[in-house]
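As a plain string of letters, each chain reads:
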Amino acid sequence: MREYTQEELRKIQALGMETLREFIRICEKYGLDYFAISGTAIGAVRHKGFIPWDDDMDVGMLREDYDRFLEVAPGELKGRYELYSASLQKQVQGFYLQMFPAGSVFMTRRNARWPLHPGIKLDIFPYDRVPADGKRRARLYRRLRFWNRLYIIKNTKVPKLEGNGLKTIVIRAICRVSYELLKAGPSVDTIVKKYEGLMKSVKESSGYYTI
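As a starting point, this report considers the structure included with it.

Rules and cut-offs
- Residues numbered from 1 in each chain as written.
- Predicted model: local features only at pLDDT ≥ 70, side-chain atom pairs only at ≥ 80, totals over all residues.
- Heavy atoms only, no water.
- Core = buried A, V, L, I, M, F, W, Y, C linked by side-chain atoms within 4.5 Å.
- Buried < 20%, exposed > 50% of the residue type's maximum accessible area, 1.4 Å probe, protein only.
- Helix = DSSP H or I, 4+ residues; strand = E, 2+ residues; numbered from the N terminus.
- Contact = heavy atoms within 4.5 Å.

On to the nonpolar core. In terms of nonpolar packing, the biggest core is built from 23 residues, with Phe95, Leu140, Leu144, Trp147, Tyr151, Val192 and Tyr195 touching the most fellow members. Of all the secondary structure elements, the ones that give two or more residues to this core are α5 (134-156), α6 (166-182) and α7 (188-199). Discounting residues that sit within four places of it in the chain, phenylalanine 95 has contacts with Tyr66, Ala86, Asn148, Tyr151, Val192, Tyr195 and Glu196.

Set out below in structure tokens:
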């Protein structure tokens, strides 16, 4: 739980690049489309590589390609890499896919509360259709936030929250009460199915997507 040395950061970035190359190999073999997002896209354009202080990589895929990747990747990785996501293990941070070298561990203060911890990872985000209508889209987002928060509380009791102000103290107390109530509530498996069912619920092509 400390800052990296420059040597450590370079090693992490090198492992990230190896994972990205393996991801690209699988995508090219099966004709799957992907695209760089977030800091990875910024780094590629602005720095011609990593943002100097960045320690992970992010790519996006439309849902059809993402689901196909989930189907074919385990047979291609053959134990050299692992895949984590809420839909697979039910006890990891995030509903997106995390691909990392087998045996590696990447621990932060934020993910230390989770039962399972991914290694030095490539984050792979599914992009799903959302309604063009703003009110319908906002309603969908509210429902997604609800199930996402239940998932976090069910797995961590109280998520990592910065600060000790009154608002933070109240939120921590609400999380503790919610955790106790959820013991008799829906299972993690049910929560995951509800969340992912909502993500895939919009069938019309609206031109709008979310992760």
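Let's pick the thread back up.
What follows is about unusual backbone geometry. Residue serine 38 is not a glycine yet carries a positive backbone phi of 55°. Note on placement: serine 38 falls in helix α2 (residues 38-47). Even without a glycine there, the phi angle at lysine 78 is positive, about 50°. Note on placement: lysine 78 falls in the loop between α3 (63-77) and β3 (81-84). Residue lysine 78 is classed as exposed on the basis of its relative accessible area of 68%.

From the geometry alone we can't say anything about function, so treat these as descriptive.
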